[in-house]
Amino acid sequence: MNHHAIAIDGPAASGKSTMARALAERLGLVMVNSGAMYRAVTWKVLEEKINPTDAAAVRELVGRIRIDCGHDGTFSTISIDGVDPTPFLRSAEVNANVSAISAIPEVREKLVALQRDYLKSTHVVMEGRDIGSVVFPETPFKIYIDADPSVRNHRRSDDGEVDSVETRDAADSSRTTAPLVIADGATVLDTSKLSIEGAIKAAIDILRAQGFPMKQSETLKI
Ligand code: CDP
Ligand code: CDP
């Protein structure tokens, strides 16, 4: 591996995006939101009025669409057939259907390849469900972020989103292909009682212990 990959995995609303964003900014890496890729495909399925439970139709769609992934220097970007779906990715409809779409192996195969492509050109902190277990199993830098289900539900509803984190977690943890697991070598960080700053500080300590090449100037920003 030529570039570093920090893998951040965990259940819904545990604080993965907040953490990955902060680490990207402070350590000078590109933050890749892999959930946005699964959400983008789900958005396209719904746009095309395809039944999300019709795996054959979803596979056919995924075979013919063009997915372009990139970054703006700090954050990942995505477009599908030339359209940026970002404004539509946190809708109640996408929340309700994304776990069904992401359980389809051919969807995962296509997106995992795009996720791995990032490392060809940049260091990344990537967050998702299977980053430490499937996408970059060989990276030594892995954090599994968790928080109590009631805390996570509150966080999501405070964000004003219609979402059922338990339903999604149950589906994501029980699927056959790439279920949510604590990857080999990952350090678990429970953020239930931590402020955002406290969680970031704890993550920096974990990464330092895992041998991440931390520059003194970067750690002083904490
Ligand atoms: O932000 P939140 O944790 O609620 O979800 P997300 O990271 O945007 O992911 C949305 C959904 O995409 C998850 O519920 C999973 O079904 C799927 N996903 C996945 O299967 N694998 C990943 N690496 C990332 C997301
Ligand atoms: O990406 P994921 O779904 O795992 O969670 P997130 O979108 O980073 O965090 C969900 C919400 O919890 C956001 O509003 C964060 O500001 C909040 N949060 C928090 O209150 N305390 C933390 N230690 C981390 C996140």
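Values in this document were obtained by computation on a predicted structure and should not be read as measured data. (Residues numbered from 1 in each chain as written. Chains lettered and ligands numbered in written order. Predicted model: local features only at pLDDT ≥ 70, side-chain atom pairs only at ≥ 80, totals over all residues.)

1. Points about the overall build of the protein
Of the regular secondary structure elements, the protein holds ten helices and seven strands. At 17 Å, the protein has a C-alpha radius of gyration in line with the 17 Å of a compact globule built from 222 residues. With the principal axes as the frame, the protein shows a C-alpha extent of 50 × 40 × 30 Å. Here the protein, with 222 residues, has 39% of them falling under the buried criterion. Taking the contacts inside the protein whose residues are at least 6 apart along the sequence as the reference set, 75% of them involve residues at least 24 apart. (Helix = DSSP H or I, 4+ residues; strand = E, 2+ residues; numbered from the N terminus. Rg over C-alpha atoms; globule rule 2.2 N^0.38 Å. Buried ≥ 20, exposed ≤ 12 C-beta atoms within 10 Å, placed from the backbone. Contact = placed C-beta atoms within 7 Å.)

2. Things to note about the site of ligand 2
In the vicinity of ligand 2 there are 14 residues, among which Gly-15, Lys-16, Ser-17, Thr-18 and Arg-155 approach most closely. Mapped onto the shell around ligand 2, the elements with two or more residues apiece are helix H1 (16-27) and helix H9 (196-209). The element contributing the most residues to the shell around ligand 2 is H1, with three residues. Broken down by class, the residue content of the shell around ligand 2 amounts to five nonpolar, six polar and three charged. (Near = placed C-beta within 6 Å. Nonpolar A, V, L, I, M, F, W, Y, C, P; charged D, E, K, R; others polar.)

3. Re the pairing of strand S4 (residues 76-80)
Across five bridges, the pairing between strand S3 (residues 67-71) and S4 is antiparallel. Opposite His-71, over in S4, you have Ser-76 as the bridge partner. What sits between S3 and S4 in their antiparallel hairpin is a turn of four residues, with Gly-73 showing a positive phi close to 110 degrees. (Pairing = 2+ DSSP bridges.)

4. Description of the nonpolar core
Ranked by size, the top nonpolar core spans 35 residues in total, and within it Leu-23 and Val-125 carry the most contacts. Secondary-structure elements contributing two or more residues to this core are strand S1 (5-9), H1, strand S2 (30-33), strand S5 (124-128), helix H6 (131-135), strand S6 (141-146) and H9. The biggest single contributor to this core is H1, with six residues. Those residues within four positions of Leu-23 in sequence are excluded, and the remaining contacts are Ile-6, Leu-29, Val-125 and Ala-203. Counting 16 residues, the second largest nonpolar core, distinct from the first, contains Met-37, Val-45, Val-98 and Leu-111. (Core = buried A, V, L, I, M, F, W, Y, C linked by C-beta atoms within 7 Å.)

5. Re the UniProt feature "binding site: ATP" (unreviewed entry) in the protein
Feature annotation in UniProt assigns "binding site: ATP" (unreviewed entry) to the following positions: Gly-10, Pro-11, Ala-12, Ala-13, Ser-14, Gly-15, Lys-16, Ser-17 and Thr-18. The topology assignment puts Pro-11 in the loop between S1 and H1. We classify Pro-11 as buried; it has 21 C-beta atoms within 10 Å. Leave out the neighbours within four places in its chain, and Pro-11 touches Asp-146, Arg-152, Asp-169 and Leu-180. Structurally, Thr-18 is set in helix H1. (UniProt positions renumbered as here; feature names shortened; annotations may be inferred.)

6. Description of the pairing of S2
Covered by surrounding structure in S2 are Val-30 and Val-32 together with Met-31 and Asn-33, the residues of both alternating faces. Sheet analysis places S2 next to S5, joined by four bridges and oriented parallel. Residue pairing for S5: Asn-33 is matched across the bridge by Glu-127.

7. Digging into the site of ligand 1
By nearness alone, 17 residues border ligand 1, and Ala-12, Gly-35, Tyr-38, Ser-102 and Gly-128 come closest of all. Where the shell around ligand 1 is concerned, the elements lending two or more residues are H1, helix H2 (34-47), helix H4 (92-102) and helix H8 (165-174). Classifying every residue of the shell around ligand 1 by side-chain character gives five nonpolar, six polar and six charged.

8. Overview of the environment of Ile-65
Tracing the sequence through the fold places Ile-65 in the loop between helix H3 (55-64) and S3. For the pair Ile-65 and Gly-82, spaced 17 residues apart in sequence, the C-alpha separation works out to 9.8 Å. Not counting residues within four places of it along the chain, the set of residues in contact with Ile-65 comprises Lys-44, Ile-80 and Asp-81.

9. A few points about H8
Taken as a whole, H8 has its buried residues at Arg-168, Asp-169 and Asp-172. Seen along its axis, H8 keeps its buried residues to an arc of 100 degrees; they face one direction. Those residues of H8 that are buried lie in contact with H4. (Arc of directions from axis to C-beta.)

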